[in-house]
Structure formats: C-alpha cells, structure tokens
Amino acid sequence: MIARNETIFKWSLYAAATALCFLIQGSLLQRLVFWGVIPFLYPLLAAIPPTFEGPLAGTIFSLCVGAACDLLLPGPVPCLYTLVFPLAGLCAGLLSQSWLPAGFLCSFVSAAAAFLLHGSFRCLILWMRGTAAWQAGALVMVREFCVAAPFVIPLTLLYRSVFRRTHLDD
Amino acid sequence: MKNFLKQHGLWVLFAAAVLSVSLAVMSVLSANASPLVNLTGVLVSPFRAGYTAVATWFNDLQNYYKDTTDLQAENAALRQQIAKMEETIRQAEADVEENKKFRELMNLTKQRRDLTDFEAAMVTEHAVSNWTSSLTLNKGTSLGIEAGDCVIDECGNLVGVISQAGTNWSTVLTLVDTDTSLGAQVFRTKDLGVAQGDFSMMRKNRLRLDYLPADSALLAGDIVVTSGLSGHYPSGLVIGSVEEVRLDDSGAASYAILDPAADFDALTEVFVIKSFEIVT
C-alpha cells in the first residue's frame, strides 16, 4: 500500500513538473523565435525523464506526454507524437541503462535522439504524401535541436530533483 | 470716593461740561475728526491694524485649509475623470480599428453576395510547432464554425482553412501549411491550378501553385484567387500574387511561387466564412 502511494506521489510529481513545462512552452516559448524556429521543448519532456526512470516506466511516461501533445498540437497525423515519443523514451531509457549514466550528457544525447526521431518521422510523412522536403526538414530539425539544447540543463535539474525526491531510499 | 465727590463733585461736573461743550464746539468747527477723536484714533490704530492682521492671517489660514481640501478633492475627481477619459480614448481607438475592419468587411459583403455568413474571431495563438503553420481562434462549434470553413482577413484575403473545431476554439491551417491544398485560378489568365503548401517554403511564408497548363504565361504580380470549382470553398478569395515561375525537377512542367496576400504574423482578428452560395 505504501509502495502504491509512493508510486502515485512520484508520478504526480513528474506530471506536475511536465505540466509546468507545458505551461512555459505555451505561454512564453511559443511566442519567441530564435534562428527562425520557436524553442520546442516537447521532445525534451519525452526524452529526459526516461533517462532517470529506465526503459519501461520511461516509455510509458513518454507515451503519456505524446498523447498530451497530440491533444494539444495540430499535426499531419492525429497520433504523431503518440507514436514518436514512446520510441524516444525507450531509446533514452536504454541509453541510460546501458551506456551513459543519467545526467546532463545522457539527457543531451537522448534529446538529440528524440529530435532526430521526431524530425525523421515528420520528413517521412511529407515524403509519403508526395511533398518530400528532406533538406528543409533536416535544417528545421537541426535548428530546433540547437535552440532547445540549452533547455536540457534546467529540465535535467528539474527531473533529477523529482527523481531524488522520490527515490530517497535508493 | 464719597468724600472726593462731596469735595470735588461740582468741579468734576464742571470739567465734564466744559469738555463736552469743547468737543461739541470742536466738532462743529473742524471739517475732519476732532483733535481728541483723532488722537484717540491714532493711538488705537496700531492695535486695530494688529488685530486685523491676526484676524486676516487666521482667516487666510482657514481659507487655505479649506481651499487645499477642496483642491485635493477636485484633483482626485479630475484624475479619475482623466483616467476614465483615457480609457474611453483607448476604447475609442480600438473601436475605430474594429469599425474599420467591419467597414471593410461590409464592403466585402456588398461586393461578395455569395458569402452569406461570417463569424469574427480573435487569433489567440500563432504557430505552435516548427512543422506546421497554424492559428488558433477563440470561436468554435458553439457558433457554427466547422472544419473546412475558409478563414479570411478583413480585406477578404484568404488566410487558411479550419482544420479542427472545438466548442469554443478552432485551429486554422494557413495557406502555407503543407496540409493545405485548394483549387486556384490566376485572375488575369484564368489558368487553373492547385495552390498548396510546401515545407521548404513554409518558413518563408510562401506556397506553390502547381498543375498549371503547359501554355500558361504567368507574370510576377499576377493575382491568384480561389477557383471554387470543388464547391468546398468560395470562389474569388484572394490567395496571393505570383512571385516567381519555376520549372519542376523533371523540367517538363512549371509551377509558380505565391506570396500570400494575408500577413499571417500580424493577424489579430479574422473572419470565418460559415456558409456561402456556389456561384456558377
């Protein structure tokens, strides 16, 4: 029973932290343009928590983030983020479990993978629709990652503090 | 005292009589105040002046306090009045802008009798991702807005098409979004084509006009409007103007790059065409 309460508390904290990021994205970052793109935090939200929580829990968390994004953002297919973000979460979880310990570097690499997956999926959809734009897509993907990269640090600190707060016994 | 009056009473009475008579005589003889009255007045005059000065000072003080209090109250009232007037001016400026837009829209309604039902909506959010070009509006299905409705600005330029509509919100995909595709016609040559978003041009706010006839001779600046052939969208809405004509990768067909007439970044208010009559 205690374990269940702790689990609920932990994921509530993760959800609250993510909701805060959604709020910042929607109220502030969406109105700013750097290097021709708006800072796009959602792939980071799908990539960073799994580096702390591992592949399974991380993938489920990213699935929830993806579903929330699909509900909020217009896209070429209704389940774009629900498909892409769990993959990004799985990659991030496996990365932190096998190669890089959770931390700034791991978050950075996971974020790069998330942006790569998201951008590739977008380009793939454009290609399937007969309006391929690989070069323009790659350019937007690189710009998007470069602009969002500085946010890896505060988001890693935020999710690490949630992780430490909810894993006191570890 | 009694003794004094007994001994000198008569003398005092006599002196008083002499004095009275003297004063009376002097008063009759002199044109101004008598010397004695004058002397008394001269002696009392500084006291009178002093008393008057003190009274005046006190009165001034009282008036000053009263005036200050009144001025403060008046000042506060004026400040409130100014604030209200400034608010009215601001509102008036906003109303003037709104009126201008509605007047332009009224002209458009007069010119375009096929556009039967408009709904004004505020733009609450511009692009939400780097991969789409969209606007979010503050009106939705509760006011009859549906997916597929055309959205125009106050000048009648096409902004985009509603892609999703909720109860009190709706999302517009602008003309330059990759998911937007509509029948178009070049106003001058009557050539038909398909105006559609292209991702490689989306960041530059440009779109393509594809499937042009082989013999089309477009010029830069040619106006492109909706053809309305499918019946899904009204005809004659201005999409934009031709910026450049290019050959496609095969080299066999040409396409035009269009500069949209609507300025998507500057839009704050748009009009959703809820219904229209098909003009044949």
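Residues numbered from 1 in each chain as written. Chains lettered and ligands numbered in written order. Predicted model: local features only at pLDDT ≥ 70, side-chain atom pairs only at ≥ 80, totals over all residues. Heavy atoms only, no water.

Focus on the overall build of chain B
On a plain count of helices and strands, chain B comes out with 3 helices and 12 strands. Taken across its 280 residues, chain B has 34% of its residues classed as buried. For chain B, long-range pairs separated by at least 24 residues make up 56% of all intrachain contacts whose partners lie at least 6 apart in sequence. A total accessible area of about 17,100 Å² is found for chain B, and carbon and sulfur atoms account for 59% of it. (Helix = DSSP H or I, 4+ residues; strand = E, 2+ residues; numbered from the N terminus. Buried < 20%, exposed > 50% of the residue type's maximum accessible area, 1.4 Å probe, protein only. Contact = heavy atoms within 4.5 Å. Areas by Shrake-Rupley, 256 points an atom, 1.4 Å probe, with all protein chains shown as cover.)

Regarding helix α5 (residues 104–128) of chain A
The first and last C-alpha atoms of α5 of chain A sit 36 Å apart over 25 residues, in line with the 36 Å expected at 1.5 Å per residue. Of all the residues in α5 of chain A, the buried ones are Cys 106, Ser 107, Ser 110, Ala 111, Ala 114, Phe 115, His 118, Gly 119, Arg 122, Cys 123, Ile 125 and Leu 126 of chain A. Looking at the buried residues of α5 of chain A, the elements they touch are α2 (42–53), α4 (80–98), α6 (134–148) and α7 (152–166) of chain A together with α3 (199–202) of chain B. At the C-terminal side of α5 of chain A, Gly 130 of chain A shows a positive phi close to 85°. (Expected span 1.5 Å × (residues − 1).)

Concerning the interface of chain A and chain B
Where interface size is quoted, it is often the accessible area lost as the parts come together. Residue-level contacts link 24 residues of chain A with 15 residues of chain B. Summing both partners gives a buried area of about 1,600 Å² for chain A against chain B, and 60% of it is carried by carbon and sulfur. When residues of chain A are sorted by the area they lose upon contact with chain B, Gln 30, Pro 74 and Val 140 of chain A head the list and together hold 31% of the total. Between the two partners, chain A and chain B, sit 1 salt bridge. We note a salt bridge from Asp 179 of chain B to Arg 129 of chain A, for which the minimum N-O separation is 2.2 Å. Linking chain A with chain B are 6 residue pairs in polar contact (both at pLDDT 80 or more). Elements with a contribution of two residues or more to the side of chain A that touches chain B: α5 and α6 of chain A. Each residue belonging to the side of chain A that touches chain B can be placed in one class, and the counts come to 13 nonpolar, 7 polar and 4 charged. (Buried area = accessible area lost by both parts, 1.4 Å probe. Salt bridge = Lys/Arg side-chain N within 4 Å of Asp/Glu carboxyl O. Polar contact = N/O pair within 3.5 Å; in protein donor to acceptor, adjacent residues only side chain to side chain. Nonpolar A, V, L, I, M, F, W, Y, C, P; charged D, E, K, R; others polar.)

Considering the packing of aromatic side chains
Taken as a whole and judged by the stated rule, the model has 12 aromatic pairs over all chains. One aromatic cluster in this structure is built from Trp 11, Tyr 14, Phe 61 and Tyr 159 of chain A. For the cation-ring pair, Lys 190 of chain B lies above Phe 187 of chain B, with the distance from its terminal atom to the ring centre recorded as 4.6 Å. The ring of Tyr 255 of chain B carries the charged tip of Arg 208 of chain B above its face, separated from the ring centre by 3.8 Å. (Phe/Tyr/Trp six-rings, centres within 6.5 Å; stacked < 30°, edge-to-face > 60°. Lys NZ or Arg CZ within 6 Å of the ring centre and 35° of its normal.)

A few points about α6 of chain A
Residues and elements named next belong to chain A. With 15 residues, α6 should cover 21 Å at 1.5 Å per step; its first-to-last C-alpha distance of 21 Å lies within 8% of that length. Here α6 has its buried residues at Ala 136, Gly 137, Val 140, Met 141, Glu 144, Phe 145, Val 147 and Ala 148. Relative to the axis of α6, the buried residues are bounded by an arc of 165° and lie together on one face. (Arc of directions from axis to C-beta.)

Some points on the nonpolar core
Grouped together as the largest cluster of nonpolar side chains are 49 residues, with contacts concentrated most on Leu 209, Ile 239 and Leu 258 of chain B. Of all hydrophobic cores here, the second largest spans 32 residues; its members include Phe 22, Val 65, Val 84 and Val 152 of chain A. (Core = buried A, V, L, I, M, F, W, Y, C linked by side-chain atoms within 4.5 Å.)

Section: the sheet that holds strand β8 (residues 207–210) of chain B
Residue and element names in this part refer to chain B. An order of β6-β7-β8-β11-β10-β9 is seen for the 6 strands of this closed barrel, with the pairing classed as antiparallel. For this sheet, the mean inter-axis angle between neighbouring strands, taken without regard to orientation, is 40°. Where strand β7 (residues 192–197) meets β8, 4 bridges bridge the pair, whose relative direction is antiparallel. Bridged to Gly 197 within β8 is Leu 207. (Pairing = 2+ DSSP bridges. Axes fitted to C-alpha atoms, helices over the stretch in contact; angles between N-to-C directions.)

Topic: the packing of helix α3 (residues 55–72) of chain A against α4 of chain A
Residues and elements named next belong to chain A. Across the interface, α3 lies against α4 with an axial gap of 7 Å and an inter-helix angle of 155°. Considered as vectors, α3 and α4 are oriented roughly antiparallel to each other. Considering the relative orientation of α3 and α4, their crossing is right-handed. On α4, the residues that touch Pro 55, Gly 58, Thr 59, Ser 62, Leu 63, Val 65, Gly 66, Ala 67, Cys 69 and Asp 70 of α3 are Leu 80, Tyr 81, Thr 82, Phe 85, Pro 86, Gly 89, Leu 90, Gly 93, Leu 94 and Gln 97. Residues that form the contact of α3 with α4 fall into these classes: 11 nonpolar, 8 polar and 1 charged. (Parallel < 35°, antiparallel > 145°, perpendicular 65-115°, else oblique. Left-handed = near helix turned anticlockwise from the far one by under 90°.)

Looking at the side chain of Asn 130 of chain B
Residue position: Asn 130 of chain B is located in the loop between β1 (115–125) and β2 (134–137). Classification of Asn 130 of chain B as buried rests on a relative accessible area of 0%. There is a polar contact of 2.7 Å between the side chain of Asn 130 of chain B and the backbone nitrogen of Ile 38 of chain A. Leaving out residues up to four positions away in the same chain, Asn 130 of chain B has contacts with Val 37, Ile 38, Phe 40, Val 140 and Glu 144 of chain A together with Phe 199, Met 202 and Arg 203 of chain B.

Observations regarding the side chain of Ser 134 of chain B
Here Ser 134 of chain B shows up in strand β2. Judged by its relative accessible area of 3%, Ser 134 of chain B is buried. Setting aside residues up to four positions removed in sequence, Ser 134 of chain B forms contacts with Pro 74 of chain A together with Glu 125, His 126, Ala 127, Val 128, Thr 171, Val 172, Leu 173 and Thr 174 of chain B.

Observations regarding the packing of α4 of chain A against α5 of chain A
Residue and element names in this part refer to chain A. Close contact between α4 and α5 brings their axes to 9 Å; oriented N to C, the two are set at 150°. The angle between α4 and α5 falls in the class roughly antiparallel. For the crossing formed where α4 meets α5, the hand is right-handed. For the pair formed by α4 and α5, the contact residues are Leu 80, Tyr 81, Leu 83, Val 84, Leu 87, Ala 88, Cys 91, Ala 92, Leu 95 and Ser 96 on the first element and Cys 106, Val 109, Ser 110, Ala 114, Leu 117, His 118, Phe 121, Arg 122 and Ile 125 on the second.

Describing unusual backbone geometry
Notably, Trp 35 of chain A is not glycine yet its phi reads approximately 55°, a positive angle. For Trp 35 of chain A, the location among the structural elements is in the loop between α1 (2–27) and α2.

Description of the pattern of salt bridges
Residues and elements named next belong to chain B. Enumeration according to the criterion identifies 11 salt bridges over all chains in this entry. As a salt-bridge pair, Asp 70 and Lys 66 come within 3.5 Å of each other at their nearest N and O atoms. Highlighted residues: Asp 70 and Lys 66, both in helix α2 (residues 35–111), separated by 4 residues, approximately one helical turn. Asp 70 sits in the partly exposed class, given a relative accessible area of 40%. Residue Arg 188 pairs with Asp 222 through a salt bridge whose shortest N-O separation is 2.8 Å. A residue pair is termed long-range when its members are at least 10 positions apart, and Arg 188 in the loop between β6 (181–186) and β7 and Asp 222 in the loop between β8 and β9 (223–226) qualify at 34 residues. The class for Asp 222 is buried, based on a relative accessible area of 7%.

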